[in-house]
Structure formats: structure tokens, C-alpha cells
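Spelled out from the first residue to the last, the chains are:
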Amino acid sequence: MWQNFFEKEKKFLNPYIERMKNYKDYIMYEKEKMNLYKGSWKEYFKNDNPIYLEIGSGAGNFIARSGEKVKDKNFIGIEIKFKRLVLAAQKCKKRNLKNVLLLRRRGEEILEFLGKSEISGLYINFPDPWEKEKQRKNRMIQQGLFDNLDVIMKKGGKIFFKTDHKGYYMDVLELMKDIKGYKIVFNTEDLHSSDRAKENVSTEFEDMFLKKGMKINYIEIEKEV
Ligand SMILES: C[S@@+](CC[C@H](N)C(=O)[O-])C[C@H]1O[C@@H](n2cnc3c(N)ncnc32)[C@H](O)[C@@H]1O
């Protein structure tokens, strides 16, 4: 099992690695298997419903709630932390969802396992802000992400970005001025007072920030047709 993730066996293995095996209907962790589905994920879901991707699904509140609420969409969540994958899978299993799959994979690798125009939308909820100037190159939302979306996202598809971090929000607004083929269709510094509040599905980080009385920044970006 560990061979899926590390080159050498480790002295201490995260116990959640083994536990992922108990959720085979919800977690896929073998890279080769994921790559084989490239361009044919509809065969995995056994329907033609649109596929939405979430990068950094965390402990899965958003993806499990979305899968339960919107049955005619399929959701693929990618996440690197083993414990969070297991927690997310438990939430999907409890709801007996057939339209959600979690992949143990990095957001930077989406071209390896998603085919041309295969996704209809992308959710990025509270990604790490990488605050320090030197670390910014690690941010999920940057030119490279749009280069990948040029390939894997349908025209007219949308990117939905939520963050508590005002700096990240402002930087993405600025970045979008230089990104060709995409346009901002909605943005707000206070999602929960906006007209998108009603349809919003909250995440675990979002619930935590709201409890602290913080406001949620939100941007919706469309791939032009
Ligand atoms: C701040 S948490 C937010 C979790 C969840 N989206 C939420 O809103 O509650 C960021 C998540 O992204 C995951 N993550 C960080 N870098 C990633 C990457 N390169 N690929 C996939 N997931 C990543 C982390 O493990 C973590 O669970």
C-alpha cells in the first residue's frame, strides 16, 4: 500500500493510509488507475452528467454536501492528506452518494488524469494563501492553472474561488487582468451578504471563519466561449 505514495518504506506510516482501503467506493489512490480514466471519467460514473472538480477538498464537507444537493452532477475531489480523504469518504458513505469520488492526487497533476474538455467547473475553496512573498509561487491560482484549464475545462465552464484571505483575493483580481480567455463574472468581499449566499454550499474552513465573524471573499470566473 505504501508503495503508492513513497519510494521507501517509512518507520512510521500514517494509519489513515491503510484506512483508505475501507472506502474503495469513494477514494482512488492508485495513480495508474486514475490515469487510465483520463478522458473517460463518465464511464466511472456510468452517466453523462457534467463533472465538477474540487482541488483541496479537505475533510469533504463541501463535496459531500454538493453531491447530496445536486444529484445530476458528478464531483471529483482531489486532496493530498490521508486523514482528510478518509473523513471526506465517511461523509460520502453516510449519504450513500454515487456521484462523488475522491482522488489522492496533487492539484498540479490534473493534466495527467483529466482529458480534453472533461470538466464543466472547478471549485477552489480556501486554498493555502502562501502569504510570504517568496512562497507565492506555490499558490494554486496562477497562470499555470489556467494553462491546464485551457485543456481540461469546457468553454463556458466556471471557476469558483472562496477565501478568507483578502490579499489572495486581491491578487487573483489583479492576475485575471492578464489571463486571456477567462473573465470575472462575479466577485464580492462578503459572499454571505451577496446574492450568491442562497446557493452557497459551505466548507469546514468556511464554517470556522464564519463562527469567528470573518467575511468570505468570493470570485467566479468564466472560460469564454
Ligand atoms: C486550507 S485547507 C481547505 C480545505 C477545504 N477546501 C475547506 O475549505 O474547508 C486546504 C486543503 O488543500 C489541500 N492541498 C494543499 N495543497 C494541495 C495540492 N497541491 N493538491 C491537492 N490538495 C492540496 C490541503 O491538504 C488542505 O486539505
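The name recorded for the protein in an unreviewed UniProt entry is tRNA (guanine-N(7)-)-methyltransferase, from Haliovirga abyssi. For the protein, the Sequence similarities (unreviewed entry) comment in UniProt is given as "Belongs to the class I-like SAM-binding methyltransferase superfamily. TrmB family." What the UniProt record of the protein gives under Catalytic activity (unreviewed entry) is the line "guanosine(46) in tRNA + S-adenosyl-L-methionine = N(7)-methylguanosine(46) in tRNA + S-adenosyl-L-homocysteine".

A. Structural detail: the UniProt feature "binding site: substrate" (unreviewed entry) in the protein. Here, the residues flagged by UniProt with the feature "binding site: substrate" (unreviewed entry) are K132, D164, T203, E204, F205 and E206. These annotated residues cover 75 residues of sequence, and their C-alpha atoms reach 24.7 Å apart at the extreme, placing them across more than a single site. Positionally, K132 belongs in the loop between β5 (119–125) and α7 (143–152). Its relative accessible area of 59% is what places K132 among the exposed residues. Within the fold, T203 resides in the loop between β7 (182–188) and α9 (204–211). In this structure T203 comes out as buried when scored by relative accessible area, which is 5%.

B. Seen up close, unusual backbone geometry. Positioned with a positive phi, K46 is a non-glycine residue whose angle comes to about 60 degrees. Position of K46 relative to the elements: it lies in the loop between α3 (41–45) and β2 (51–55).

C. The arrangement of the site of the ligand in detail. Taken together, 17 residues surround the ligand, and among them G56, E79, R84, G107 and T203 come closest. At 2.8 Å, a backbone N or O of G56 approaches a nitrogen atom of the ligand. In this structure, an oxygen atom belonging to the ligand sits 2.5 Å away from a side-chain N or O atom of E79. Partitioned by chemical class, the residues of the shell around the ligand number four nonpolar, five polar and eight charged.

Criteria and thresholds
- Residues numbered from 1 in each chain as written.
- Predicted model: local features only at pLDDT ≥ 70, side-chain atom pairs only at ≥ 80, totals over all residues.
- Heavy atoms only, no water.
- UniProt positions renumbered as here; feature names shortened; annotations may be inferred.
- Helix = DSSP H or I, 4+ residues; strand = E, 2+ residues; numbered from the N terminus.
- Buried < 20%, exposed > 50% of the residue type's maximum accessible area, 1.4 Å probe, protein only.
- Near = heavy atom within 4 Å.
- Polar contact = N/O pair within 3.5 Å; in protein donor to acceptor, adjacent residues only side chain to side chain.
- Nonpolar A, V, L, I, M, F, W, Y, C, P; charged D, E, K, R; others polar.

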